[in-house]
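Letter by letter, the chains look like this.
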Amino acid sequence: MSMKIHNNRAQNLYTDVAMIAANFSGQTVEEVFIDDETKNSKEYKSKNPTGKFPCLETEEGMLFESVAIAKHFGRIGGKNMNGADAWTEAQGNQWIDYAQSALAPHMYTAMRAHFGW
Ligand SMILES: N[C@@H](CCC(=O)N[C@@H](CS)C(=O)NCC(=O)O)C(=O)O
């Protein structure tokens, strides 16, 4: 089974993060858009409990959170994308964690102010 990335809309920045990692790691991933009715169904909630996108469908199961998905691609691509050793992996993770905790929570606020959404 090929991997499918579930998305709610085009230009979801979180899905873009995961797909950039997919492309760099050489993965072929089909994008599937999930409508609100499907998202809110009991069956779908059991697969994607946070209701957030992206969510990756794999042979092993479903995986949510864009960074977890990106790191999964980084691992399975066989190109040491997550770091060639413990130190370089930790250095990458420090910036990912910084971006997630200090930047991402304010990203949409800043973009709304800038673009007038
Ligand atoms: N921490 C999550 C955030 C994902 C997220 O907030 N996705 C939004 C982007 S629009 C979403 O799916 N919203 C749909 C909803 O809340 O119904 C990640 O990194 O994947």
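Within each chain, residues carry numbers counting from 1 in the order of the written sequence. The model is predicted, so local features are restricted to residues of pLDDT at least 70 and side-chain atom pairs to those at 80 or more, both for listing and for counting; the totals for chains, interfaces and linings are taken over all residues.

### Comments concerning the site of the ligand
Then step 1. Residue proximity rests on one test: whether the C-beta atom, placed from the backbone, lies within 6 Å of the molecule or strand. With respect to spatial proximity, the complete set of residues near the ligand consists of Asn 8, Asn 12, Tyr 14, Gly 51, Lys 52, Phe 53, Pro 54, Glu 65, Ser 66 and Val 67.
Then step 2. In this count, Pro and Cys sit with the nonpolar residues alongside Ala, Val, Leu, Ile, Met, Phe, Trp and Tyr, while Asp, Glu, Lys and Arg are called charged and the others, Gly among them, polar. In the shell around the ligand, the residues fall into four nonpolar, four polar and two charged.

### Structural notes on helix 4 (residues 66-76)
Helical periodicity: at 3.6 residues per turn, an α-helix aligns residues three or four positions apart in one direction.
Then step 1. Looking only at helix 4, the buried set comprises Ser 66, Ile 69, Ala 70, Lys 71, His 72, Phe 73 and Gly 74.
Then step 2. Remark: residues whose backbone-derived C-beta atoms lie within 7 Å of one another are considered to be in contact. Numbering of helices and strands runs from the N terminus, with a helix taken as a DSSP run of H or I at least four residues long and a strand as a DSSP run of E at least two residues long. Against helix 1 (13-25), strand 3 (55-57) and strand 4 (62-64) lie the buried residues of helix 4.
Then step 3. A positive phi of about 70° marks Gly 78, the residue just after helix 4. Partly exposed residues are those whose C-beta has more than 12 but fewer than 20 other C-beta atoms within 10 Å; 20 or more makes a residue buried and 12 or fewer makes it exposed, with C-beta atoms placed from the backbone.

### Brief notes about the nonpolar core
Then step 1. Any set of buried Ala, Val, Leu, Ile, Met, Phe, Trp, Tyr and Cys residues joined through C-beta atoms within 7 Å is what this text calls a nonpolar core. In terms of nonpolar packing, the biggest core is built from 13 residues, with Ala 18 and Ala 22 touching the most fellow members.
Then step 2. Counting only elements with at least two residues in this core, the list comes to helix 1, strand 3 and helix 4.
Then step 3. With five residues, the top contributor of residues to this core is helix 1.
Then step 4. What Ala 22 contacts, discounting residues up to four positions off in sequence, is Gln 27, Val 29 and Phe 73.

### Observations concerning the sheet that holds strand 3
Then step 1. Strands are treated as partners if at least two bridges between them are detected by DSSP. Reading across the sheet, the four strands line up as 2-1-3-4 and stay open at both edges, with mixed pairing between neighbours. Sheet topology places strand 2 (29-33) and strand 4 at the edges, where each strand pairs with a single neighbour. With strand direction ignored, the average angle separating the axes of adjacent strands in the sheet is 25°.
Then step 2. Pairing of strand 1 (residues 3-7) with strand 2 involves five bridges; the strand directions are parallel. By the bridge assignment, Lys 4 is partnered in strand 2 with Glu 30.
Then step 3. Here an angle of 0 to 180 degrees is reported between the N-to-C directions of two axes, which are lines fitted to C-alpha atoms, with helices fitted over the stretch in contact. Across the face of the sheet, helix 1 comes into contact with strand 1 and strand 2 while running at roughly 160° to strand 1.

### Notes on the domain arrangement of the protein
Then step 1. Along its sequence, the protein is organised into domain 1 (3-82) and domain 2 (85-117).
Then step 2. Here domain 1 and domain 2 have C-alpha centroids that lie 18 Å from each other. Where each domain begins and ends is defined by an automated method or by a domain database.

### Brief notes about the packing of helix 1 against helix 4
Then step 1. Running from amino to carboxyl end, helix 1 crosses helix 4 at an angle of 0°, the nearest separation of the two axes being 8 Å. For the element pair helix 1 / helix 4, the angle class is roughly parallel. Within the contact between the two elements, helix 1 uses Tyr 14, Thr 15, Val 17, Ala 18, Ala 21, Ala 22 and Ser 25 and helix 4 uses Ser 66, Ile 69, Ala 70, Phe 73, Gly 74 and Ile 76.
Then step 2. Residue composition of the contact of helix 1 with helix 4, by class: nine nonpolar, four polar and no charged. Note on angle classes: values under 35 degrees are labelled roughly parallel, values over 145 roughly antiparallel, values of 65 to 115 roughly perpendicular, and the remainder oblique.

### Observations regarding the environment of Trp 117
Then step 1. Here Trp 117 shows up in the segment after helix 5 (86-115).
Then step 2. Aside from chain neighbours lying at most four places away, what touches Trp 117 is Met 111 and Arg 112.

### As for unusual backbone geometry
Then step 1. Omega for the bond connecting Phe 53 with Pro 54 falls within 30 degrees of zero, at 15°, which places this linkage in the cis form.
Then step 2. Here Pro 54 shows up in the loop between helix 3 (42-47) and strand 3.
Then step 3. Backbone geometry at Glu 65 places phi at a positive 80°, although glycine is not the residue there.
Then step 4. Tracing the backbone through its elements, the reader meets Glu 65 in the loop between strand 4 and helix 4.

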